[in-house]
Structures are given as C-alpha cells and as structure tokens.
Amino acid sequence: MTADLSRLLAALPPDMLPPGRPVSPEGGGPPVYWLSDEPVTDFGLWARLRARHRESGLWPLLLTGLASDETRPWVAGEVWPAGMSAPDRHDPVEVLAAWWRDSTTTGEDDDPEAPGEATAPFGRTWPGLAAPGEPDEPADDCADGYAEFLVAGSTRLGLVPAARSADTLAVTGWSGPANHVGDAGQLSAVLRSWEKRFGVRVVGVGFDTLHLSVAAPPTSIEHARRVAAEHFAFCPDNVWQGAGTLQKYAEQVVGVPSWWFWWD
C-alpha cells in the first residue's frame, strides 16, 4: 500500500468502512484505490464519505464491473495509472476541440456524410465551450442524491486519493474510453471544467461507463445544444449509438441533473 493511501485510510474511523482492500494495478505498482469486498448496501455511506473528503483526501466512487466478468476492471486492478498524464497539463478547450475534429472528420463506421447530419447545426465547426449553468442546489448535495440512486445490485464502494472528483479517473488509471482516448488525464481535465461550469461530480464508474451528477444542467434548448456538442466531443457514442443527432440529444439533457456516458 502506498504511504499516502494507507495513511488516508487509517485516518478514517475504524468502523466507517465495510470490509475491503487496497487494489494495485495488474501490471504492477502500489495500490491506487481501495475497494469494498462486497456490493454497497448502506445507501447513505457514499454521502458520509463524501462529506469527509476535504479532511480525508479520499473521494468515494460507486464502481461496477463488466457484465460478462464483474472482476474487470476494479477487482482485477485492470487500470494503468502510470500511463496517464496529469490533468493540469491539458487545456480542456483544446482537448475538446481536438476530439471534435477527430469525431467529425468521419462519422460512425466512416460514413463521410454522418458528421454533418449528426452534429447540426454546428456541422464540422467546433462551437466552443458552453456557458456555465445556474445551480439548482449545492453540487455536493446533488452528488449525494445521485449516489443513493446508483447504489444497487453489484455496485461496490471505492475510495480514491484525489483532491477533487474529476481527478479520480487519472489517479486510478481508468481506461474505459480506450477506443476514443487513451489518456484519462485528458478526461479529468475536461471534468474539472465541468465541475466549475456545471457543478459536476464524478459519482459512478464502470468498465466503460461514467456517471456524473450535475447541479447546474442546461435549462434551455439553445444552451443544451452547446452542452451536447461538448458531450459529443467527449463521448461520440452517446450520440451515434444513442439519440442520433445533437438536437435530439440536447432535448434529453435539458434540466436533467445527471449525465451518463458510454464508450463502445
């Protein structure tokens, strides 16, 4: 166990956590997160741990595995933290713009007509960042409520030594979107921007899925289109294999206090 992780875990009340263990990357190296042995059954535990984050330095996550093999990635340690860059090395504007260009050069299945249709009214032109939203409630309160909703089935509790929720993807070395982007440091850089503009918190992470609470979602269709453009750059599959177009996707995120992403 790394000194930092062991020290942070030892500082928690001994009766606060269920049985669990620190997990090391399967390729070797010190543990990068703690994982409960069994699925979470205490609906309020995530919120209690989140409330202690500022003093503990441990951000809680609700972790799920691949449907066909629930040991992947979290139980097996199928993560690569050594291969991830630091989030502060990246400008989220530049990152999203580059992903947008990559995803609009050709459409899904290399259909050259698809990008213009799917990303109308922007076409292949990156529209830039969406304006910040207006929070409906404190971001951490929103996250607590979403966590209660996500606790179910085979969801395990994880604890990650990270200063903010956005950084947990880079710290753990999560590789769920490997077919889209291989560096979780870039993902975390974008999530930092979403934390600031939309009150986002990282609550749940699966094999290739990501669940975010959103305290300040877009409340108009015009704002939602700009948010949808960022989501398309971040995770094109949400549009290509979901709503089909930015317009339809935008209609789905207006006023919704959670965002869900899935990479093929």
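Quick note: structure is the one above.
To keep things clear, this report deals only with the structure shown in the data block. Keep in mind that what you see is a predicted model, and the values were worked out from it rather than measured.

### Description of the overall build of the protein chain
When you go through the protein chain residue by residue, the secondary structure sums to 11 helices and 7 strands. Referenced to the eigenvectors of the C-alpha coordinate spread, the extents of the protein chain come out at roughly 55 × 40 × 35 Å. Accessible area for the protein chain stands at about 11,400 Å²; split by element, carbon and sulfur atoms hold 50% of it. Averaging the locations of the 19 positively and 36 negatively charged side chains of the protein chain gives two centres separated by 6 Å.

### Focus on the environment of Ser-56
Within the secondary structure, Ser-56 sits in helix α3 (residues 53-56). Along the chain, Ser-56 and Gly-133 lie 77 residues apart, while their C-alpha atoms are 29 Å from each other. Excluding residues that lie within four positions of it along the chain, Ser-56 makes contacts with Leu-8 and Leu-12. Of the polar contacts made by the side chain of Ser-56, one reaches the backbone nitrogen of Leu-58; its length is 3.1 Å.

### Description of the layout of surface pockets
In this structure, the largest pocket spans a volume of roughly 230 Å³. Considering the residues around the largest pocket, the lining is formed by Arg-50, Ala-51, His-53, Arg-54, Trp-59, Asp-140, Ala-163, Arg-164, Ser-165, Glu-195 and Arg-201. Broken down by secondary-structure element, the contributors of at least two residues to the lining of the largest pocket are α2 (45-51) and α3. Residue composition of the lining of the largest pocket, by class: 3 nonpolar, 2 polar and 6 charged.

### Here we look at unusual backbone geometry
Cis geometry marks the peptide bond from Arg-72 to Pro-73, where omega comes out at 0 degrees. Along the chain, Pro-73 falls in the loop between β3 (58-63) and α4 (92-105). In this structure, the amide linkage connecting Ala-120 to the following residue, Pro-121, adopts the cis form with an omega of 10 degrees. Along the chain, Pro-121 turns up in the loop between α5 (114-118) and α6 (139-150).

### Concerning α6
The end-to-end C-alpha distance of α6, which contains 12 residues, comes to 17 Å, matching closely the 16 Å that a straight helix rising 1.5 Å per residue would cover. Listed in full, the buried residues belonging to α6 are Ala-139, Cys-142, Ala-143, Asp-144, Tyr-146, Ala-147 and Leu-150. Along its buried surface, α6 packs onto α2, β3, β5 (200-205), β6 (209-214) and β7 (258-262).

### Focus: the pattern of salt bridges
Two side chains with opposite charge may pair up if their charged atoms get near one another. Under the counting rule described, the total for this entry stands at 10 salt bridges. For Asp-144, the salt bridge goes to Arg-50, with nearest N and O atoms at 2.6 Å. Pair noted here: Asp-144 is in helix α6 and Arg-50 is in helix α2, with a separation of 94 residues, a long-range link. In this structure, Asp-167 engages Arg-192 in a salt bridge whose closest nitrogen and oxygen atoms are separated by 2.9 Å. Here Asp-167, found in the loop between β4 (156-161) and α7 (168-172), pairs with Arg-192, found in helix α8 (residues 184-198); they are 25 residues apart in sequence, far enough to count as distant. A relative accessible area of 10% places Asp-167 in the buried class. Taking relative accessible area as the criterion, Arg-192 reaches 21% and is therefore assigned partly exposed. A network of salt bridges, in which partner residues are shared, links Arg-50, Asp-140, Asp-144 and Arg-201.

### Some points on the packing of aromatic side chains
Using the criterion set out here, one finds 16 aromatic pairs in the structure. Taking 5.4 Å as the distance between ring centres and 80 degrees as the angle between the ring planes, the aromatic pair formed by Tyr-33 and Trp-74 counts as edge-to-face. Here Trp-74 lies in the loop between β3 and α4 and Tyr-33 lies in strand β2 (residues 33-39), a separation of 41 residues in the sequence. The two residues Tyr-33 and Trp-74 agree in class, both being buried. Taken together, the ring pairs in this structure connect Trp-99, Trp-174, Trp-194, Phe-198, Phe-234, Trp-259, Phe-261 and Trp-263 into an aromatic cluster.

Analysis parameters
- Residues numbered from 1 in each chain as written.
- Predicted model: local features only at pLDDT ≥ 70, side-chain atom pairs only at ≥ 80, totals over all residues.
- Heavy atoms only, no water.
- Helix = DSSP H or I, 4+ residues; strand = E, 2+ residues; numbered from the N terminus.
- Areas by Shrake-Rupley, 256 points an atom, 1.4 Å probe, with all protein chains shown as cover.
- Lys, Arg positive; Asp, Glu negative; His and termini not counted.
- Charge placed at Lys NZ, Arg CZ, Asp CG, Glu CD.
- Contact = heavy atoms within 4.5 Å.
- Polar contact = N/O pair within 3.5 Å; in protein donor to acceptor, adjacent residues only side chain to side chain.
- 1 Å grid on protein atoms, 1.4 Å probe; cavity = no way out; pocket = protein on both sides within 12 Å on 5 of 7 lines; lining within 4 Å.
- Points joined across faces, edges and corners; volume = space filled by probe spheres on them.
- Nonpolar A, V, L, I, M, F, W, Y, C, P; charged D, E, K, R; others polar.
- Expected span 1.5 Å × (residues − 1).
- Buried < 20%, exposed > 50% of the residue type's maximum accessible area, 1.4 Å probe, protein only.
- Salt bridge = Lys/Arg side-chain N within 4 Å of Asp/Glu carboxyl O.
- Phe/Tyr/Trp six-rings, centres within 6.5 Å; stacked < 30°, edge-to-face > 60°.

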